[in-house]
Amino acid sequence: MSEIKLDSKVPSGPLAEKWDRHRFEMKLVNPANKRKYHVLVVGTGLAGASAAATLAELGYTVETFCYQDSPRRAHSIAAQGGINAAKNYQNDGDSIYRLFYDTIKGGDFRAREANVYRLAQISVNIIDQCVAQGVPFAREYGGQLANRSFGGAQVSRTFYCRGQTGQQLLLGAYQAMCRQIELGKIKPHTRTELLDIVIIDGQARGIVCRNLVSGEIRSYVGDAVVLATGGYSNVFFLSTNAIPCNVTATFRAYKRGALFANPCFTQIHPTCIPVSGDHQSKLTLMSESLRNDGRVWVPKKKGDTRHPNSIPEDERDYFLERKYPSFGNLAPRDISSRSAKEVCDEGRGVGPGGRGVYLDFADAIRRDGKAKIRERYENLFEMYERITGENAYEQPMRIYPAPHYTMGGLWVDYNLMSNIPGLFVLGEANFSDHGANRLGASALMQGLADGNFILPYTIGDYFASGKKLGQGNRPPLDHPEFRRVEAEVTDRIKRLIACKGKRTPTEIHREVGRMMWDYCGMSRSEAGLKHVLQKLPEYRESFWRDVHVPGTGEELNISLERAGRVLDFIEFAELMALDALTRNESCGGHFREEYQFTEEEAKADPTGKTIKGEAKRDDENYCHVAAWEYRGPGETPVLHKEPLVFTEVKPTLRSYK
Amino acid sequence: MNLKLHVWRQKNANSPGRMVTYEAKNISPDMSFLEMLDVVNEDLIHRGEEPIAFDHDCREGICGTCSLVINGIPHGGFRATTACQIHMRKFKDGDEIYIEPWRVGPFPIVRDLMVDRSAFDRIIQAGGYISENTGGAPDGNAIPIPKEKQETAMDAAACIGCGACAAACKNGSAMLFVAAKVSHLANLPQGQPERFRRVLRMVERHDLEGFGSCTNQSECEAVCPKEISVKFIAQLNRDYLRASLMSARDAE
Ligand SMILES: Cc1cc2nc3c(=O)[nH]c(=O)nc-3n(C[C@H](O)[C@H](O)[C@H](O)COP(=O)(O)OP(=O)(O)OC[C@H]3O[C@@H](n4cnc5c(N)ncnc54)[C@H](O)[C@@H]3O)c2cc1C
Ligand code: FES
């Protein structure tokens, strides 16, 4: 048995006072001493860039790492919709408590109460900070900040910058970073990929990276390592993530002893442009703000191939409005996605291959006029036309769900530290705040909360708690452990180059990804997961025979980069499927076909809130975080459970009817 | 459709490069331009050759990573479109396509079609920010910002830093990039305290990096995938002039 004990370190006291109390109780590093501590921040998305800038402002010395050619290009840039905050500027009944409650409920009661409450508290500071940095949020004519309602919320609490919120927020954080680079407090490394983590005397002390231009393998040492490396949606090959997004950093950390939590909690976004063919390299999200004005429907008849505009009103099924009268087209993502899959499985899907549903703006255009709709969504309509060649002002869009976000990630405590001392994990890379399903516009919020307002406090507490850290205590780069990990990394690259099989890394990725999508995607069954768990070890082995990587390791080599990432995805997929198989319930984005309400159960519910086919949670047996421990190649990982205790809200049936 | 591609191949910054011809076969009109290159690359790997290296990330026209000169025009000359957003339905069977990297002195070639754009990061480092530490910000609504001002700031802030402006300019000037950041911040109340210092420092760094000077040819605006207007260069010039006069006065 393993000796790891999960301690969430959630502070005592009433929920609303925990964070304040904790901030008071944490140890501080004397301002003059801060420069003696060196932090390695891997990832410069919203979480990493905001953390790096804030740590440097406080006086720590920082090095940042990203694989793009500039920190400004992290995939946070792609977020279109917006960022939530409990400002209640609209006076429509929002509050910190309501944002907290919505997030906990949205996550299907699989997140830590104290973390989520803190997130809601901090949300208000984030907006202030961004405005001060020059983020050009949308404004009303009176000059006040504008809001919209977004993805499953009944209040208007989402702040946005046209359809480019992620980009503008990231530029704010990037610019704050740039200021610190100019001041000499941050040293940035671009086109640099983390390939492993170095742990010495039980503490995270460094990383081993590959310079993607020269191929050089190099180690970096610090007093803490911060991973803010984003999510793993590309395990499905096709997702709304950028092609280079990977699980490598977090998976390497897992293999070095960090626990991976809830890997099966993945989010499938309902409004993406459907797949057009086998050449497809990635999927494009259409912001779900479109659901504020678009109505989702399919023909009532199976295999109806008429042009959508010639299908009369009474032959259309507005299935979300029908099933969820009070939320309608704004039903949460997991629910909307699954409903779309359902109608397509019934043979009522539209477009090529029948994997699509309509998102129709005709009523909104009739109501508000074309000009208004154009003002709201112009860039989205343009993007849609560019990709599909269809004009959505004239005919409904076609959409289909696609992998988009991963709630699972490395396990962290309340301080955002993993079970490995000195290894902190931020943003999408950790598992923390979204439970089994994330609400729209809350990932940007979490990234900035982690980076700007949480880590800068908690890392100080770690440094100050006296564990032989800081200048003078850092191990040298020729420490045997650095040497050993470097050798392992170099050896793996050599082996990849030496394979000379017959398949490209992309081909293998596409095949494994499709299998994961089919059996571990929107819905999962015991038989399907067992099938995957049997196939994946075969892929893991055959990869080393099949893959072909031209060129060498000592140069810029795009195939080599891809091969390494694909290999990690294949190994990681096994963990994901195992987690999905072990969680014998349906919750949030994790839908197990065996666990859904039957017709009889729906009928028997006196409140009428239960719907046949809806996810059936099992709070008695699965109200916990599943944190997995790596036990070596081919060994079954060990499951550690962190029980989730709800003192403030009572887990209820997550009904959106 | 079948196409003939002429692609710039160059092993690294120090070796000479040349155009190499490839056939792109069975290309579907629904593919994106980069997916077409993916197909060519998969074929190259199968033949044991090294794939064409090109920069890309989001493939949604927002990150500014892709950077291809297509038939002599940065991003190919389709209105408001990055290379990654071009779809093959814009081409026809039998077309010949020339694909080259950005060619501007301050953007050295890294490999094939990839260039080093860190000069842009250094220009931002010179002053493209508001010096505001985390923590002390007043309420977001404390300073109302007129909608028109915010919209103008947003128009400028939409720059994705791809570098097409510099690649298109016969002088190799990146003034549109600098102007976009200067104008984004100069149109917001929060950007005022550093407004004049910022413009001086950013222009100085721009010149230092080796970008040429702007002679109002507007080639930059024509290729900009975010349609950043040259009117921002006019705003930059006004601010720059004022700033120079102010600093001359301060020096007296
Ligand atoms: C298309 C799209 C739209 C979205 N829209 C919204 C929205 O409207 N609202 C919302 O709240 N959320 C949205 N999200 C989710 C949100 O954008 C992301 O969850 C969030 O931005 C992730 O930020 P991050 O800082 O954790 O990671 P990222 O921004 O993904 O950054 C990851 C960083 O890690 C680096 N990195 C990764 N691996 C390595 C490695 N091995 N070595 C070195 N560096 C590495 C990368 O270079 C990058 O700098 C959207 C997501 C997508 C994909
Ligand atoms: S790849 Fe991001 S803009 Fe083209």
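Please read these numbers as outputs of a predicted model, since none were measured by experiment.

1. A closer look at empty space enclosed by the protein
To find leftover empty space, one rolls a probe the size of a water molecule over the atoms.
At step 1: Summed over all chains, the structure comprises 12 cavities of 30 Å³ or more.
At step 2: Taken together, 50 residues line the largest cavity, and the ones lying closest to its centre are His75, Ser76, Gly230, Gly231 and Glu428 of chain A.
At step 3: Secondary structure elements with two or more residues in the lining of the largest cavity: helix H2 (46-58), strand E6 (192-200), helix H6 (248-255), strand E15 (397-406) and helix H11 (443-464) of chain A.
At step 4: Broken down by element, the lining of the largest cavity gets its largest block of residues, four residues, from H11 of chain A.
At step 5: Each residue belonging to the lining of the largest cavity can be placed in one class, and the counts come to 20 nonpolar, 24 polar and six charged.
At step 6: Both domains that meet at the lining of the largest cavity, namely domain 1 (15-28 + 36-265 + 407-464) and domain 2 (269-402) of chain A, each give it at least three residues.
At step 7: Quantified by volume, the second largest cavity comes out at close to 100 Å³.
At step 8: Cys159, Cys162, Cys165, Cys224 and Ile228 of chain B are the residues nearest the centre of the second largest cavity, which is lined by 16 residues in total.
At step 9: Listed by contribution, the elements that provide at least two residues to the lining of the second largest cavity are helix H4 (164-168) and helix H5 (175-186) of chain B.
At step 10: For the lining of the second largest cavity, the element with the highest residue contribution is H5 of chain B, accounting for three residues.

2. A word on the site of ligand 1
All names here are of chain A.
At step 1: The environment of ligand 1 is formed by 37 residues, the closest being Gln68, Ser76, Leu194, Glu428 and Leu444.
At step 2: In this structure, glutamine 68 approaches ligand 1 through a side-chain N or O atom, which is 2.5 Å from an oxygen atom.
At step 3: Taken by itself ligand 1 offers 1000 Å² of open surface, and the protein chains cover 97% of this.
At step 4: Judged by the fraction of its atoms near the pocket grid, ligand 1 is located in the largest cavity.
At step 5: Element by element, the count of residues in the shell around ligand 1 is highest for E6, at three residues.
At step 6: Residue composition of the shell around ligand 1, by class: 16 nonpolar, 18 polar and three charged.

3. A word on the domain arrangement of chain B
Residues and elements named next belong to chain B.
At step 1: What the domain assignment lists for chain B is domain 1 (3-111) and domain 2 (117-251).
At step 2: Across the contact, 19 residues belong to domain 1 and 20 residues belong to domain 2.
At step 3: Contact between domain 1 and domain 2 buries roughly 1400 Å² in total, counting both sides, with carbon and sulfur atoms accounting for 65%.
At step 4: In terms of surface lost to domain 2, no three residues of domain 1 exceed Pro74, Pro106 and Phe107, which account for 36% of the buried area on that side.
At step 5: Linking domain 1 with domain 2 are two salt bridges, by the criterion used here.
At step 6: Here glutamate 227 and arginine 79 are joined by a salt bridge, their closest N and O atoms 2.9 Å apart.
At step 7: At the boundary of domain 1 with domain 2, the tally comes to five residue pairs in polar contact (both at pLDDT 80 or more).

The rules behind these values
Residues numbered from 1 in each chain as written. Chains lettered and ligands numbered in written order. Predicted model: local features only at pLDDT ≥ 70, side-chain atom pairs only at ≥ 80, totals over all residues. Heavy atoms only, no water. 1 Å grid on protein atoms, 1.4 Å probe; cavity = no way out; pocket = protein on both sides within 12 Å on 5 of 7 lines; lining within 4 Å. Points joined across faces, edges and corners; volume = space filled by probe spheres on them. Helix = DSSP H or I, 4+ residues; strand = E, 2+ residues; numbered from the N terminus. Nonpolar A, V, L, I, M, F, W, Y, C, P; charged D, E, K, R; others polar. Domains from an automatic or database assignment. Near = heavy atom within 4 Å. Polar contact = N/O pair within 3.5 Å; in protein donor to acceptor, adjacent residues only side chain to side chain. Areas by Shrake-Rupley, 256 points an atom, 1.4 Å probe, with all protein chains shown as cover. Sits in = over half its atoms within 2 Å of the grid points. Contact = heavy atoms within 4.5 Å. Buried area = accessible area lost by both parts, 1.4 Å probe. Salt bridge = Lys/Arg side-chain N within 4 Å of Asp/Glu carboxyl O.

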